[in-house]
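Here is how the chains run, residue by residue.
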Number of protein chains: 2
Amino acid sequence: MNMRRTIEQSILKTARSFGYSEIATPTFELAELFIKKSGPEIVEQLYLFRDKGDRELVLRPELTAPAIRFYANDLYKLPKPLKIFYLGDCFRYERPQKGRFREFRQFGAELIGTARPEGIAELINLACSCLSSAGLENFQLRVGDLKILNKILAAWDIFGDDQRRFFTALDKGDSESVRLILEDSGRSPDDVETFFDLIQNKVNSEKFNERKDLLLSKFPELASDLERFEKVVEFLKILKVSNFTIDFGIARGLDYYTGIVFEIDVESLGAEKQVCGGGEYSLNELFNLKELTSSGFAIGFDRVVLAAENEGVVTTKEDLDIFIISLTPPGLQKGMELAGVLRQAGFKVEFDIKGRNMSKNLKFASGKGAKFALFLGNDELEKGSALIRQMTTGEQTEIKFDNVSEYFKEHIV
Amino acid sequence: MNMRRTIEQSILKTARSFGYSEIATPTFELAELFIKKSGPEIVEQLYLFRDKGDRELVLRPELTAPAIRFYANDLYKLPKPLKIFYLGDCFRYERPQKGRFREFRQFGAELIGTARPEGIAELINLACSCLSSAGLENFQLRVGDLKILNKILAAWDIFGDDQRRFFTALDKGDSESVRLILEDSGRSPDDVETFFDLIQNKVNSEKFNERKDLLLSKFPELASDLERFEKVVEFLKILKVSNFTIDFGIARGLDYYTGIVFEIDVESLGAEKQVCGGGEYSLNELFNLKELTSSGFAIGFDRVVLAAENEGVVTTKEDLDIFIISLTPPGLQKGMELAGVLRQAGFKVEFDIKGRNMSKNLKFASGKGAKFALFLGNDELEKGSALIRQMTTGEQTEIKFDNVSEYFKEHIV
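The sections below set out a description of the structure shown in this document. Quantities reported herein were computed from a predicted structural model and do not represent experimental measurements.

## Some words on the overall build of chain A
From N to C terminus, chain A includes 15 helices and 17 strands. Against the 2.2 N^0.38 benchmark of 22 Å for 413 residues, chain A shows a C-alpha radius of gyration of 28 Å, more extended than a compact globule. Oriented by its inertia axes, the alpha-carbon framework of chain A measures out at about 95 × 55 × 40 Å. Looking at chain A residue by residue over its 413 residues, the buried ones come to 54%.

So this is what it looks like as C-alpha cells:
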C-alpha cells in the first residue's frame with residue numbers, strides 16, 4: 001500500500017499540473033448504463049445485482065460511462081473545455097491472472113468540449129507523464145486514427161457486419177482474416193497491399209511523412225484527416241512525448257471511438273502488457289447530448305504498480321524511523337512525550353506498548369526496520385538526555401532531550 | 001475531491017507517523033462474515049448479491065471484520081503488536097441524510113496483540129491526531145469502559161436479556177428504562193443512584209479520582225479495572241490528548257467490545273455528530289483465533305470532511321496557476337514547450353486547446369481561477385520573452401523565456 005500510495009500521489013499531482021480536476025462517482029450504477037454503452041454481451045462480465053428497491057445495479061466495470069453520466073447530469077454547466085480525472089476501483093467477472101483482477105483500480109481522464117489536435121495531443125502527453133511520474137521509463141506509445149480507417153473502409157464499401165468482422169479480426173491480431181476481408185472488397189491487389197501495410201506495420205513518427213504521401217496518392221479524400229493527424233504528431237513532439245510509433249492497426253474493441261486512438265504497452269508485463277488505452281470518442285447518443293467532442297484514456301493502475309515493481313523504481317518497504325525503549329515508568333512517560341514531538345516533526349515513531357525487555361524490544365525494532373533506537377534508562381533521565389543507537393552500525397550517542405528532534409532532522413533523510 | 005484528497009493525505013501521514021501500516025481489502029466479502037459478526041439483523045442494511053459462482057456476497061458495511069479476516073488469513077505471522085490502518089468505501093442500505101450516505105468512506109486502525117494501557121492510549125491519541133491533522137479543532141473525546149460496566153451488571157445479577165435491554169436503552173439514551181432495569185435488581189436506592197450517576201454523567205478527566213474513590217467504596221471488586229482505566233487516563237494526558245471526558249455511558253451498540261471504549265463527536269455536525277468510535281474488542285471466536293487482544297477505531301471520513309468544511313479549515317477551490325495564451329502557431333509551439341517546463345516545476349498550467357480569441361481566453365482563465373496569464377504574441381516571440389499578467393491586479397511584466405520558471409517560483413507560493 002505504501003508503494004501504491006506513492007505512485008497514486010505522483011499520478012494525481014501530474015493530472016492536476018495539467019489543469020485537470022478530480023471527480024468521483026459511485027461504486028455501483030444502474031446496469032443499463034453499461035449495457036447501453038457496450039451492448040448486452042457485457043453482462044457476462046458484470047457483477048449484477050438488485051438492491052432492496054428492486055433496481056438492477058452493477059459494480060462499475062469501467063469509469064468513462066460514469067464520468068460522462070456525471071457530466072450529462074451536472075457538469076455540463078461548466079465552461080469548456082472541461083478536463084476531469086478520476087481514480088477508482090472497477091469490477092469485472094473474468095478469470096483472474098497476473099495483471100488482471102476481478103477488482104482492479106483504474107485511473108482515467110476525460111477532455112470534454114474540444115476537437116482540436118492540441119487537446120488530444122495534450123491528453124496523450126498527460127497519459128505518458130502519468131506513467132513517467134510513476135517511475136516507468138520503458139513504455140511504448142502507439143497512436144492511430146479510427147476515422148481514417150473507417151473512411152477507407154467506407155470508400156471500399158466495407159460496412160455493417162463486414163466492418164465489425166474487420167475490427168474484431170484487427171483487435172485479435174488475426175491478420176489473415178483482415179487480409180481476406182480487404183481482398184473481398186474487389187480492390188486492386190496494389191490497393192489492398194497499401195491498406196494492409198498501413199494497418200499491419202507500425203512506423204516511427206519520423207517516417208510518417210512517407211506514409212502520408214503514399215496514402216494521399218491512393219486516398220486523396222483523406223487529405224484533411226491526414227493533415228490533422230500530422231498536426232497531432234507534431235504537437236506530441238513539441239510536448240516532448242518521445243519515441244512513439246504510428247499504428248493504424250489500433251482497433252480498441254469499442255465502437256464509440258471516433259478519431260485518434262492510442263495505446264501504451266509495457267513489454268515487461270508479458271501477456272497483459274497494455275497499461276493505457278484511449279482516444280477520441282462520442283457517447284452523445286447514449287446521454288442525449290448535443291454535438292460534443294470528447295477524448296479520454298484509462299490507465300490500469302495495478303499494472304502500472306506491477307511494472308514499477310518490475311523496474312525496481314519504487315521501494316516497497318515502509319521503514320520505521322525511531323523506536324523508543326524505556327524500561328521504567330518515568331522513562332515511559334518521557335518516551336511518550338518525545339514520541340509526540342517527533343511525530344509532529346514528521347518522523348515515524350513507535351514506543352514499546354507491549355512491556356517487553358530490552359533485547360525483545362531491540363529485536364522488534366530491528367524487525368520493523370527502525371533506523372534508530374532511542375533508550376530512556378534511569379541514568380539518561382537523570383542527565384536529561386536520551387541514548388540514541390544507529391541500528392545498522394550500532395553506534396551510540398547521548399543527546400539532550402531538547403536537541404533530539406534536531407538530531408534526527410540531521411540524521412534521517 | 002481536492003479537499004478530500006488533502007484531508008486524506010494528512011490522515012494517512014499521521015497514521016504512518018504512529019508506526020501503523022496501511023492495508024487494503026476487497027470491496028466485497030462473503031456475506032457470512034458480517035452476519036456472523038453482527039447477527040442476522042444486519043442483513044436489513046446490507047447490499048447482498050450472488051455472483052456467477054453462486055456465492056453470497058456483500059458490499060462491505062464496515063472494515064474491522066475484513067481487516068481481522070485478513071489478519072487471520074495472512075497477517076497473523078507478523079510480529080506483535082501489529083498496527084494496521086485502512087481507508088476504503090463501505091456500503092449500507094440506509095435512509096441517506098446529511099453525513100449518512102449509502103456509500104461512505106471509512107478510515108480505521110487496528111492494534112492487534114497487546115492488552116496494555118499504553119497501546120489503547122496511543123490508539124486514542126492516533127484517532128485524535130488524525131482529526132487534528134484534518135484541521136478539526138472542535139471535537140469532543142469521551143472515554144468509557146465496558147468491562148467495568150459489565151462487572152457491575154454481573155455483580156447485580158443483570159444478565160442475558162436484561163443486560164441486552166440495558167445496553168439497548170443506554171445506546172438510545174433512554175435513561176428511564178436504564179433506571180428501571182437498575183431498580184429491578186433489588187439493590188439499595190443509594191447503590192442504584194451511584195451506578196446511575198456513573199453512566200449518566202460525564203466528568204472531566206481531572207475529576208476522575210473522586211469518581212474512582214466513590215466507585216471503589218461501592219464496588220471493591222473493580223480495584224484493578226479502575227486502576228487500569230486510570231493508567232489510560234494518565235497516558236492520554238502525557239500524550240497531550242487534551243480536554244476529554246470520562247463517560248461510562250458509552251454502549252457502542254456492538255457486543256464484541258470488551259474493555260475501554262471511546263467516541264468522538266463534532267457538535268457542529270448536528271444529528272450525525274459522531275465522527276469516530278472504537279475501543280478494545282475481541283473477534284477471536286469468529287475467526288478461531290487464540291487469545292488475542294485487539295483494539296481499533298473507525299472514523300467517518302465524509303463527516304470529517306463536512307466538519308472541516310463547516311470549520312472553514314480547508315479550501316475547496318482548486319486554482320490554476322498559469323494560463324498560456326498564444327494567438328499564432330509559433331506562439332502555440334512555444335506555449336506548449338513552456339507548459340511542459342512549468343508543469344515539471346510543479347505548477348498547474350493550461351494552454352488554449354480550443355483556439356479561442358484573446359478575450360474569450362482571458363475569460364476562461366479567470367473562470368478557472370488562474371493566478372497568471374502568460375501571453376505569447378509575435379512581438380514577445382521576437383524578443384524571446386513572454387508577457388505575464390497578474391490576473392487580479394492586471395499588472396503586466398515582460399520576462400525572458402529562460403527566466404519564466406524562476407519568476408513563477410518567486411510569485412506563486
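That was the structure; now back to the text.
## Here's the deal with the sheet that holds strand β6 (residues 103-112) of chain A
All names here are of chain A. The strand order across the open sheet built from 9 strands is β1-β5-β6-β12-β11-β10-β7-β9-β8, with neighbouring strands paired in mixed fashion. The sheet is open, and its two borders are formed by β1 (21-22) and β8 (203-204), each paired with just one other strand. With 7 bridges connecting them, β6 and strand β12 (residues 294-300) associate as antiparallel partners. Of the residues in β12, the one forming a bridge with Ala-109 is Phe-297.

## Examining helix α6 (residues 160-172) of chain B
Residues and elements named next belong to chain B. In this model α6 runs 18 Å from its N-terminal to its C-terminal C-alpha over 13 residues, within 8% of the 18 Å that 1.5 Å per residue would give. Every buried residue of α6 is listed here: Phe-166, Phe-167, Ala-169 and Leu-170. Taken end-on, α6 shows its buried residues confined to a sector of 160°, consistent with a single buried face. Seen from the buried face of α6, the exposed residues on the opposite side, beyond 90 degrees, are Asp-161, Arg-164 and Lys-172. Elements in contact with the buried residues of α6: α5 (146-155), α7 (175-184) and α8 (189-200). Of the residues trailing α6, Gly-173 is marked for its positive phi of about 75°.

## Notes on the pattern of salt bridges
What the rule picks out here adds up to 78 salt bridges over all chains. Linking A:Glu62 and A:Lys37 is a salt bridge whose minimum nitrogen-to-oxygen distance equals 2.6 Å. Here A:Lys37 lies in helix α2 (residues 31-38) and A:Glu62 lies in the loop between β4 (56-59) and α3 (64-73), a separation of 25 residues in the sequence. A:Lys37 shares its class with A:Glu62; the two are buried. Among the ionic pairs, B:Glu8 bridges to B:Arg5, the shortest N-O distance being 2.9 Å.

## Focus: the side chain of B:Glu122
In this structure, B:Glu122 sits in helix α4 (residues 117-133). Residue B:Glu122 is classed as buried on the basis of its relative accessible area, which comes to 0%. Those residues in contact with B:Glu122 that sit more than four places away from it in its chain are A:Arg343, A:Phe351, A:Ile353, B:Phe18, B:Lys83 and B:Leu239.

## As for the state of the cysteines
Under the criterion given, the structure shown has 0 disulfides over all chains. Here A:Cys90 is not cross-linked by a disulfide; its sulfur's nearest cysteine counterpart is in A:Cys276, at 14 Å. A relative accessible area of 0% places A:Cys90 in the buried class. Here B:Cys130 stays free of any disulfide, with the sulfur of B:Cys276 as its closest cysteine sulfur at 8.4 Å. By relative accessible area, which is 0% here, B:Cys130 ends up buried.

## Regarding the interface of chain B and chain A
Residue-level contacts link 72 residues of chain B with 72 residues of chain A. Buried area between chain B and chain A, summed over both chains or domains, comes out near 5,800 Å², and the portion from carbon and sulfur atoms is 58%. Of all residues in chain B, B:Arg5, B:Lys52 and B:Ile353 give up the largest surface area on contact with chain A, accounting jointly for 12% of the area buried on that side. B:Lys83 serves as the salt-bridge partner of A:Glu350, at 2.8 Å between the closest nitrogen and oxygen. One can count 28 residue pairs in polar contact (both at pLDDT 80 or more) joining chain B with chain A. Tallying contributions element by element places helix α1 (residues 2-17) of chain B first for the side of chain B that touches chain A, with 7 residues. Among the residues forming the side of chain B that touches chain A, the class breakdown is 31 nonpolar, 14 polar and 27 charged.

## With respect to the sheet that holds strand β17 (residues 396-400) of chain A
All names here are of chain A. With mixed pairing, 5 strands are arranged side by side in an open sheet as β14-β13-β15-β16-β17. Each edge of the open sheet is held by one strand with a lone partner, namely β14 (349-351) and β17. Adjacent strand axes in the sheet meet at a mean angle of 25°, parallel and antiparallel pairs treated alike. When strand β13 (residues 322-325) meets β14, the two strands line up parallel, connected through 3 bridges. If you follow Ile-324 over to β14, its bridge partner there is Phe-351. Taken strand by strand, helix α13 (residues 358-367) contacts β13, β14, β15 (372-375) and β16 (385-390), and its axis lies near 170° from that of β13.

## Concerning the relation of the copies chain B and chain A
With an RMSD of 0.1 Å, the fit of chain B onto chain A corresponds to turning through 180° and sliding 0.0 Å along the axis. Both chain copies can therefore be described as sitting about a two-fold axis. Closest approach to the rotation axis within chain B is made by the C-alpha atom of B:Phe49, at a distance of 2.8 Å. Here 100% of the interface residues in chain B have copies in chain A that are interface residues too; the copies meet face to matching face.

## Overview of unusual backbone geometry
Residue and element names in this part refer to chain A. Here the amide bond leading from Lys-80 into Pro-81 is cis, since omega sits at -5°, within 30 degrees of zero. With respect to the helices, strands and loops of the structure, Pro-81 is situated in the loop between α3 and β5 (82-91). One non-glycine residue, Asp-54, adopts positive backbone phi at about 60°. Position of Asp-54 among the secondary structure elements: in the loop between β3 (47-50) and β4.

## Re the packing of helix α6 (residues 160-172) of chain A against helix α7 (residues 175-184) of chain A
All names here are of chain A. For the pair α6 and α7, interaxial distance at closest approach is 8 Å and the crossing angle is 155°. For the element pair α6 / α7, the angle class is roughly antiparallel. Helix-helix and strand crossings are classified by hand; for α6 and α7 the assignment is left-handed. Listed contacts from α7 to Asp-162, Arg-165, Phe-166, Ala-169 and Leu-170 of α6 are Ser-177, Val-178, Ile-181 and Leu-182. Residues belonging to the contact of α6 with α7 are distributed by class as follows: 6 nonpolar, 1 polar and 2 charged.

## Here we look at the pairing of strand β3 (residues 47-50) of chain B
Residues and elements named next belong to chain B. Taking every second residue as pointing to the same face, the buried face of β3 carries Tyr-47 and Phe-49, while none of Leu-48 and Arg-50 on the other face is buried. Here β3 pairs with strand β4 (residues 56-59) via 4 bridges, running antiparallel. Residue pairing for β4: Leu-48 is matched across the bridge by Val-58. A loop of 5 residues connects β3 with β4, the two strands running antiparallel in sequence, and Asp-54 in this loop sits at a positive phi of about 60°.

## Description of the packing of aromatic side chains
One pass over the structure, following the stated rule, counts 46 aromatic pairs over all chains. Arranged with centres 6.0 Å apart and planes meeting at 40°, the rings of A:Phe91 and B:Phe28 form a pair that is tilted. Here the residue A:Phe91 occupies a position in strand β5, and B:Phe28 occupies one in strand β2 (residues 28-30), the pair thus bridging two chains. Ring centres of B:Phe195 and B:Phe219 lie 6.5 Å apart, and the angle between their planes is 65°; this geometry places the pair in the edge-to-face category. You can see B:Phe195 sitting in helix α8 and its partner B:Phe219 sitting in the loop between α9 (208-218) and α10 (223-238), a full 24 residues away along the chain. What makes B:Phe195 buried here is its relative accessible area of 0%. Residue B:Phe219 is classed as buried on the basis of its relative accessible area of 2%. Here the aromatic residues A:Phe28, A:Tyr47, A:Phe49, A:Phe91, A:Tyr93, B:Phe28, B:Tyr47, B:Phe49, B:Phe91 and B:Tyr93 are joined through ring pairs into a cluster of three or more. Across from the ring centre of A:Phe196, 4.2 Å away, lies the NZ or CZ of A:Arg179, which sits over that ring. The aromatic ring of B:Phe364 is capped on one face by B:Arg356, whose charged end is 4.8 Å from the ring centroid.

Basis of the calculations
Residues numbered from 1 in each chain as written. Chains lettered and ligands numbered in written order. Predicted model: local features only at pLDDT ≥ 70, side-chain atom pairs only at ≥ 80, totals over all residues. Heavy atoms only, no water. Helix = DSSP H or I, 4+ residues; strand = E, 2+ residues; numbered from the N terminus. Rg over C-alpha atoms; globule rule 2.2 N^0.38 Å. Buried < 20%, exposed > 50% of the residue type's maximum accessible area, 1.4 Å probe, protein only. Pairing = 2+ DSSP bridges. Expected span 1.5 Å × (residues − 1). Arc of directions from axis to C-beta. Contact = heavy atoms within 4.5 Å. Salt bridge = Lys/Arg side-chain N within 4 Å of Asp/Glu carboxyl O. Disulfide = S-S within 2.5 Å. Buried area = accessible area lost by both parts, 1.4 Å probe. Polar contact = N/O pair within 3.5 Å; in protein donor to acceptor, adjacent residues only side chain to side chain. Nonpolar A, V, L, I, M, F, W, Y, C, P; charged D, E, K, R; others polar. Axes fitted to C-alpha atoms, helices over the stretch in contact; angles between N-to-C directions. Least-squares fit on C-alpha atoms with pLDDT ≥ 70 in both. Parallel < 35°, antiparallel > 145°, perpendicular 65-115°, else oblique. Left-handed = near helix turned anticlockwise from the far one by under 90°. Phe/Tyr/Trp six-rings, centres within 6.5 Å; stacked < 30°, edge-to-face > 60°. Lys NZ or Arg CZ within 6 Å of the ring centre and 35° of its normal.

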